[in-house]
Amino acid sequence: MHTSILDGLNDKQKQAVTLESKNNALILAGAGSGKTRVLTHKIAYLLQNTNINLNNVLAVTFTNKSAQEMKERLGDLLQQSVHQSWLGTFHGIAHRLLRLHSAQAKLNSNFQILDSSDQFRLIRRITKDLNIDEKKFPIKKLQMFINQQKDEGIRPEHIDAQYNYFIKIAIEVYQTYETTIQQLGVIDFAEILLRAHELLRDNPDLLQKYQQQFKHILVDEFQDTNRIQYAFIQLLHKDNTIFCVGDDDQSIYGWRGAQIENIQKLDRDFSPLTTIRLEQNYRSTGHILNASNALIANNSDRLGKSLWTDTGDGELIDYFSARSDIDEANFVVSQIKKYITTGTNPSDCAVLYRSNAQSRILEEHFIKQQIPYVIYGGLRFFERAEIKDALAYLRLTANPHDDIAFARVVNFPTRGIGNTTIEKIRNYAIENSLSLWDASKNIAPNFSARAKNSLVGFIDLIETITNDIQNLSLTEKIEKILEQSNLLNHFDTKETRTKYENLEELITAGEQYNHEDETMSEVMGFLSLTSLDSANENKTFTPSVQLMTIHSAKGLEFPFVFIVGLEEDLFPSRFSKDDPSMMNEERRLCYVAMTRAMRKLHLSQAEKRFMNGQTFFSYPSRFLNEVPKQHLNIIKSEQQSEINHNENYFSPAPKKSTSREYNIGDRVKHIKFGYGTITNLEGDGESARVEVNFKDFGQKWLICSYAKLEKV
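Here the structure is a predicted model, which means the values were calculated and not measured.

So, the overall build of the protein
Okay, step 1: On a plain count of helices and strands, the protein comes out with 28 helices and 21 strands.
Okay, step 2: Scaling as 2.2 N^0.38, a compact globule of 712 residues should have a C-alpha radius of gyration of about 27 Å, and the protein matches this with 28 Å.
Okay, step 3: Along the three orthogonal principal directions, the C-alpha set of the protein runs to about 85 × 75 × 55 Å.
Okay, step 4: Split into buried and exposed, the 712 residues of the protein put 54% on the buried side.
Okay, step 5: A fraction of 74% describes how many contacts in the protein between residues 6 or more apart in sequence connect residues 24 or more apart.
Okay, step 6: Computed over 83 positive and 91 negative side-chain charges, the inter-centroid distance for the protein is 3 Å.

Regarding the confidence of the model for the protein
Okay, step 1: Looking at the protein, the pLDDT average stands at 87 and 93% of residues meet or exceed 70.
Okay, step 2: By mean pLDDT, the top-scoring element of the protein is strand S13 (residues 558-563) (98), and the lowest-scoring one is helix H28 (residues 704-707) (72).
Okay, step 3: Counted against residues more than four places away or in other chains, residues 534-538, with its pLDDT under 50, gives 16 contacts.
Okay, step 4: Below pLDDT 50 for its whole length, residues 640-659 participates in 41 contacts with residues either more than four positions away or in separate chains.

Quick look at helix H6 (residues 139-151)
Okay, step 1: An ideal rise of 1.5 Å per residue puts 18 Å on 13 residues; H6 measures up with 18 Å between its terminal C-alpha atoms.
Okay, step 2: Buried residues of H6: Ile139, Leu142, Gln143, Phe145, Ile146, Asn147, Gln149, Lys150 and Asp151, and no others.
Okay, step 3: Two residues or fewer after H6 comes Gly153, characterised by a positive phi angle close to 80°.

Some thoughts on helix H21 (residues 474-484)
Okay, step 1: By the burial criterion, the buried members of H21 are Leu474, Thr475, Lys477, Ile478, Ile481 and Leu482. In a view along the axis of H21, the buried residues occupy a sector of 160°, so they form one face of it.
Okay, step 2: Within two residues after H21, Asn486 carries a phi angle of roughly 75°, on the positive side.

Parameters at a glance
Residues numbered from 1 in each chain as written. Predicted model: local features only at pLDDT ≥ 70, side-chain atom pairs only at ≥ 80, totals over all residues. Heavy atoms only, no water. Helix = DSSP H or I, 4+ residues; strand = E, 2+ residues; numbered from the N terminus. Rg over C-alpha atoms; globule rule 2.2 N^0.38 Å. Buried < 20%, exposed > 50% of the residue type's maximum accessible area, 1.4 Å probe, protein only. Contact = heavy atoms within 4.5 Å. Lys, Arg positive; Asp, Glu negative; His and termini not counted. Charge placed at Lys NZ, Arg CZ, Asp CG, Glu CD. pLDDT = per-residue confidence, 0-100. Expected span 1.5 Å × (residues − 1). Arc of directions from axis to C-beta.

Shown next, in the form of structure tokens:
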């Protein structure tokens, strides 16, 4: 046995790594407990101590960043390249299977992947063709419906609309959408995993091949799996072992289909199962961990663990109760400025919030104080319009029958092909079951001289580029496309200089692309990477304070963390108040936020907050009351009103009527929202507010002194 693989591991980590290779296992890995280290060392241990090779291991994680980090660590441990391994994201592994077996998956060998915006445009076109009113059936809602069904493994023919008219129309759109993407030879992101699951399910010989090949299946972040991902792992499990790493306390993606039940039912579906808890934390101080443990203990149905550290208690957690959101922002930015003044790198400071709308007031204060900041999780590089334009040209050189790419650039940069011409091409293509490319060639002679010349010119351009780049490297192909398509020239202006520089960066991306997958050409590999890449592209060369939602912070760590907006109806969200499972997820979200902090944690809330065009008066979040006071350093705002210390500091005060001016059930009229019924009363004096259920605008909280409600 190579003892170096076990060097530096604690006792529980060693137990997980050396666990008998025939045992299924769940490693409950708390925040900062070294789960990636355990996964990579487990794979290395299996390779060096059992009769298997790298091809017999399937290791699945959730982000490209995690997969890349695991490959690098494993390569260092084994002192060999692991890039040809079956180690990647769920979608990356599924995509590879579809490329290898495209015919059995009922796909063209050169199929393309639709990104979210292309999918949105395609659904919009379908609703237009079906004469569906976009106002009654919003495209975003239909897109979400389709993707949610796919995440559940459900095809349109398996959905029962019953008496729900929206679902009836959504099924019709889903069915038409499925037919359309099959004709176009493309698949969307959600389809990748569903199609791979169906590929294995419907081809027993192929399934048996991979069941026998993958002696060991390892899954990271198991608490984030959705139904189709769970089914995919279940399908592959037969006479092989499952090694799952996860933390039910960090399951925060229920809103996008993740099912915490998956990690809770492992013991039933993969019995016998050995559970090992990794509870030693290498990230945070004692006060941060003890406060986080106390918070999450309020959740029911936990698998149970308690984080600890041997590095000491560290500093108390600062809790600041602000009079307003302006007061809160001023405090946060002032504290960060103090840190920076004493030598702290701005990038070591992170401000976390529940909603993106909370960033505005913070940004204003950072700008005033001239402190550099960056919004983490902004638009990804490959999602930028000018990059997608360039990639559309590259896609057409690989497959001229790619209708999505054709429609995107047939008149960009502008070449005199109008919407009327494009619509005629599209209708001709539909009527004759042709691609837009073939339809254009057939119908071009029927157009006016100007439209005909423009269309023939575009076809000639694509054919010329395709011929010219045939024997060039990927980088040279991209350079040639940018030049001959006129994209570089189009964006070479003072106003669009950033877009020009982004196109130049695409050339760099081509240079840095390392093609390793022999199942596809270099161009197809690069195009697939741009579609599958889910890592955030926040490349900032200036050290900057990190601003982000808590969901974006998952998996990250910072020496100094500020969690703002800890108020009822904001965090926890008001949408979770009547749903215990949603409230539990909100608490897990708070737990994730707190355990991002390494050295110092700051918590804050505001009594009054202006957001989304309205002023809200709020009570402190219940989560503050769940943090034991011995871990807190309570800071009061200089502007703050007196607080009765005989009462529990964090508990909401008893609800009072608004000077008896209104009562629950009163019918009222508002100048903007119209007629409604009062459903709740809160506060007194200037802070008095009412909740009204308006006929046309739904539930809204209003401040009595400003609302000018008229009783009816």
